[in-house]
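# Secondary and tertiary structure notes
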Protein chains: 2
Amino acid sequence: MRDFSADHRWLSINTATVRRQRGQDWNLLQILDACAARCIRAVSPWRDQVHAAGLDAVARTIRAHGLELSGYCRGGMFTYGDAAGRDAARDDNRRALDEACLLGAPCLVLVVGGLPGALTGRPAHQDIARARAQVAEGIAALLDDARERRLPLAIEPLHPMYAADRACVNTLEQALDLCDALDPGRSGALGVAVDAYHVWWDPKLQAQIGRAGRERLLAFHVCDWLLPTTDLLEDRGMMGDGVIDLRQLRGWVEATGFAGYAEVEIFSRANWWQRDGGEVLDTCIERFGTCV
Amino acid sequence: MRDFSADHRWLSINTATVRRQRGQDWNLLQILDACAARCIRAVSPWRDQVHAAGLDAVARTIRAHGLELSGYCRGGMFTYGDAAGRDAARDDNRRALDEACLLGAPCLVLVVGGLPGALTGRPAHQDIARARAQVAEGIAALLDDARERRLPLAIEPLHPMYAADRACVNTLEQALDLCDALDPGRSGALGVAVDAYHVWWDPKLQAQIGRAGRERLLAFHVCDWLLPTTDLLEDRGMMGDGVIDLRQLRGWVEATGFAGYAEVEIFSRANWWQRDGGEVLDTCIERFGTCV
């Protein structure tokens, strides 16, 4: 297992972690500068932040700083109420792939979607099995586009508390079942993103990480589960402030041969988003060494 | 599948559903009277409500009304920081068994506990595997007491969002693995409580309900998952107000041969607990017929 205590060579910052400091959006170019100034070597940007800052400007800044990407957030949202919705999602996912290629991302992270319409509070139906079937079809179709671009897709199972509105793939086992069905040859074109926040509770986690193996384990995200958790979406904790044994989890991940970045992704409306962005990044670096 | 549209013969009210109406505790004896007045045939009382009203008075009132129980809430909390904590939990669980016997409950529902200390915000450690091992030991020990009393234990898998602080048994598969390990002969002394709120998201749900079968399926709870859900604990929805396909789920449950009560258990601080208790019960009856 790699020693993370001496330096933060393998720390990546998911840019949502510092997206709106003290109530104001932190522009992605500022975030990239702040990361580079701290010798953070990698980031994983969100699409809306890329669009707000301008794709070309972001690509130039990434190159100028010599930054790598640990992923691109995000594609997916495959579930739909009608054919127009399905086609729009496909088009948008293709654009996400193109952006990921331009920025040099190693994979496009997929948040697959929940019941169609649920994110706006008006679910079209209650049939989660139908939504899951649409996800499988959507990934199968997008996989062709991904192979053309040699840009792997990483299915991110989300915590079951997001099953209705964000992602109906909710365990690593379920995500790997999809991978096996759609890419039985383990070509490397399809895999998973393992986010500690979403999967830490799973009694089958160690076994499923082993099942994923090097070919399927495309991204590794860390943060912490707080006690109490006061918001379902935006109350994630800084590593070390919660109950997840991140070092044990990293051990399981690295036992597969994974040797990439540990990406910090924290949504925290009431705490970390209220602080100075530099302070947040400095804390990420510190906790990366002591808790990851 | 039974027809629930014509009457509410198989409705049971978990008494937490009307525990504190408009900010004031509704005494359990009042709750029993209000249920009986509506021809509700069964309840599942919580221990703290029983203790507040007095065990003997509750037993007398239940008999006087001819009410049945669909369960007794709750035993469990097996995880501990030291031997004294373990022994105290064992003693308390034995008392819960005795109360359940006195009240004529068909099973004692087990919420197994999370990381020790986590419910008060001070987890003793981060080792959920150790907590799970304590749960297995605790159930194994209590099973002897339960067999003596001929009072079955029903392990209730809780939603993964409660893994840290309330229950580290988080899927039906995991609960059934415990049953298989501790009662391989399917004696009927150990089974599960299937609560729609906790398990609806699970892609393996139908298969695991089938695996449970008649011998292991001891209780069936219903409510709904709201969009959005604004509180992790006390924002459950009335049946029909959320995204759970309760009729499909009941179909899976009844396909095992289950022919018992569907028990309504709703924790709802901001909505149903703010209404008149009679209105809540009337709504439960109505939705039982249309949505369960």
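Rules used throughout
- Per-chain numbering applies: the sequence of each chain, read as written, is numbered from 1 onward.
- Chain A is the first chain written and ligand 1 is the first ligand written, with later ones labelled in order.
- Local features are withheld for residues below a pLDDT of 70 in this predicted model, meaning they are given only at 70 or higher, and side-chain atom pairs are given and counted only at 80 or more; totals for whole chains, interfaces and linings count all residues.
- Under the DSSP-based scheme used, a helix requires at least four consecutive residues in state H or I and a strand at least two consecutive residues in state E, with every element numbered from the N terminus.
- C-alpha atoms define the radius of gyration, and 2.2 Å times the number of residues to the power 0.38 defines the globule rule.
- Each residue is classified by how many other C-beta atoms fall within 10 Å of its C-beta atom, where C-beta atoms are placed from the backbone; a count of 20 or more means buried, 12 or fewer means exposed, and values in between mean partly exposed.
- In this description, any two residues whose backbone-derived C-beta atoms lie within 7 Å of each other are considered to be in contact.
- Nonpolar core, as used here: buried Ala, Val, Leu, Ile, Met, Phe, Trp, Tyr and Cys residues forming one set through C-beta atoms within 7 Å.
- Paired strands are those between which DSSP finds at least two bridges.
- Every angle, taken between N-to-C directions, lies between 0 and 180 degrees, and every axis is a line fitted to C-alpha atoms, over only the stretch in contact when it is a helix.
- Residue polarity is assigned by list, with Asp, Glu, Lys and Arg as charged and Ala, Val, Leu, Ile, Met, Phe, Trp, Tyr, Cys and Pro as nonpolar; anything else, Gly included, falls into the polar class.
- Working rule for angles: under 35 degrees goes down as roughly parallel, over 145 as roughly antiparallel, 65 to 115 as roughly perpendicular, anything else as oblique.
- In this scheme, a crossing is called left-handed if the near helix is turned counterclockwise away from the far one by less than a right angle; it is called right-handed if the turn is clockwise.
- Here the copies were fitted onto each other by least squares, based on C-alpha atoms from residues at pLDDT of at least 70 in both.
- Confidence scores labelled pLDDT are given residue by residue by the predictor and lie between 0 and 100.
- For a crossover, the right-handed case is the one in which the path from the first strand over the helix to the second runs clockwise, viewed with the strands pointing away from the viewer.

Our next topic: the overall build of chain A. Looking only at helices and strands, chain A has 10 helices and 11 strands in total. By the compact-globule yardstick of 19 Å for 292 residues, chain A fits well, its C-alpha radius of gyration being 18 Å. A burial count over chain A gives 52% of its 292 residues as buried. Across chain A, the fraction of contacts at a sequence separation of at least 24, relative to all contacts at a separation of at least 6, is 78%.

All right, on to the nonpolar core then. One finds Leu108 and Val192 of chain A together with Val192 of chain B to be the most contacted residues of the largest nonpolar core, which totals 195 residues. Dropping the residues within four chain positions of it, Val192 of chain A is found in contact with Ala154, Ile155, Pro157, Leu172, Ala175, Leu176, Cys179, Ala212, Arg216, Leu217 and Leu218 of chain A.

So, about the sheet that holds strand E7 (residues 108-111) of chain B. Pairing between the strands of a sheet comes from backbone hydrogen bonds, and it takes one of two forms, parallel or antiparallel. Residue and element names in this part refer to chain B. Taken together, the nine strands give an open sheet; going across it, the order is E5-E4-E1-E11-E10-E9-E8-E7-E6, and neighbouring strands pair in parallel fashion. Each of the sheet's edge strands pairs with one partner strand only, and the pair in question is strand E5 (68-69) and strand E6 (72-76). Pairing geometry for E6 and E7, over four bridges, is parallel. For Tyr72, the partnering residue across the bridge sits in E7 and is Leu108. Contacting strand E1 (11-14) and strand E11 (262-264), helix H10 (residues 277-291) crosses the sheet at an angle of about 140° to E1.

Moving on, we get to the interface of chain A and chain B. Counting from both sides, the interface comprises 25 residues of chain A and, opposite them, 25 residues of chain B. Looking at the side of chain A that touches chain B, its residues break down into 15 nonpolar, six polar and four charged.

Residue and element names in this part refer to chain A. For the pair helix H5 (residues 128-149) and helix H6 (residues 172-182), the least separation of the axes is 11 Å and the interaxial angle reads 50°. In terms of their interaxial angle, H5 and H6 are classed as oblique. Crossing of H5 over H6 shows right-handed handedness. Taken together, the residues of H6 that come into contact with H5 (itself represented by Ala136, Ile139, Ala140 and Leu143) are Leu178, Ala181 and Leu182. Each residue belonging to the contact of H5 with H6 can be placed in one class, and the counts come to seven nonpolar, no polar and no charged.

To continue, consider the relation of the copies chain A and chain B. For the match of chain A to chain B, the screw axis carries a shift of 0.0 Å, the RMSD comes to 0.0 Å, and the turn is 180°. In short, the pair behaves as if placed about a two-fold rotation axis. The share of interface residues of chain A whose copies in chain B are also at the interface is 100%, consistent with both copies meeting through the same surface.

Turning to H6 of chain A, its buried residues are Leu172, Glu173, Ala175, Leu176, Leu178 and Cys179 of chain A. Buried residues along H6 of chain A sit against H5, strand E8 (153-155), strand E9 (190-195), helix H7 (196-199) and helix H8 (205-216) of chain A.

Okay, the environment of Asp92 of chain A next. Residues and elements named next belong to chain A. By the element assignment, Asp92 lies in helix H4 (residues 83-103). Given 14 C-beta atoms within a 10 Å radius, Asp92 is considered partly exposed. Spatially, the C-alpha atoms of Asp92 and Gly76 are 8.9 Å apart, while their sequence positions differ by 16 residues.

Right, let's get into the confidence of the model for chain A. All names here are of chain A. Within chain A, residue pLDDT values average 97, and 100% of them lie at 70 or more. Here strand E3 (residues 24-25) stands out as the least confident element of chain A, with mean pLDDT 86; E8 is the most confident, with 99. The ipTM, which scores confidence in the relative placement of chains, is 0.97 for this predicted complex, and the corresponding pTM is 0.98.

Judged by how many residues are buried, strand E6 (residues 72-76) of chain A sits mostly within the fold: five of five residues are covered. Once you follow E6 of chain A into H4 of chain A and on to strand E7 (residues 108-111) of chain A, the crossover reads as right-handed.

What follows is about the sheet that holds strand E1 (residues 11-14) of chain A. Residue and element names in this part refer to chain A. One open sheet accounts for nine strands, arranged E5-E4-E1-E11-E10-E9-E8-E7-E6; its pairing is parallel. Strands at the two margins of the open sheet, each flanked by one partner only, are strand E5 (68-69) and E6. Bridging between strand E10 (residues 217-222) and strand E11 (residues 262-264) involves three bridges; their strand directions are parallel. Opposite His221, over in E11, you have Glu263 as the bridge partner. Together, E5, E6 and E7 form the strand contacts of H4, whose direction differs from that of E6 by roughly 160°. Across the sheet, H6 is in contact with E8 and E9; its angle to E9 comes to roughly 170°.

Residue and element names in this part refer to chain B. Interhelical geometry of helix H4 (residues 83-103) versus helix H5 (residues 128-149) gives an angle of 30° and a closest axis separation of 10 Å. Between H4 and H5, the angle is such that the two are roughly parallel. Taken as a pair, H4 and H5 cross one another with a handedness that is right-handed. Here Ala89, Arg90, Asn93, Arg94, Leu97 and Cys101 of H4 come into contact with H5, specifically with Gly138, Ala141, Leu142, Asp145, Ala146 and Arg149. Among the residues making up the contact of H4 with H5, the classes are represented as six nonpolar, two polar and four charged.

Before going further, it helps to spend a moment on unusual backbone geometry. Residue and element names in this part refer to chain A. Residues Cys73 and Arg74 are joined by a peptide bond in cis, for which omega reads -5°. Its location among the elements puts Arg74 in strand E6. In this structure, Cys39 takes a positive phi of about 60° despite not being glycine. Summarising the element assignment, Cys39 is placed in the loop between helix H1 (28-37) and strand E4 (42-44). Residue classification places Cys39 among the exposed residues on the basis of 11 C-beta atoms within 10 Å. Positive phi, normally seen in glycine, also occurs at Arg150, with a value near 55°. Examined against the element boundaries, Arg150 turns out to sit in the loop between H5 and E8.

Further remarks concern the pairing of strand E10 (residues 217-222) of chain B. Residue and element names in this part refer to chain B. With six of six residues buried, E10 lies mostly within the body of the structure. Bridge count between strand E9 (residues 190-195) and E10: four bridges; the pairing is parallel. Bridge pairing in E10 links Asp195 to His221. For the handedness criterion, the β-α-β arrangement of E10, helix H9 (residues 246-255) and E11 is classed as right-handed.

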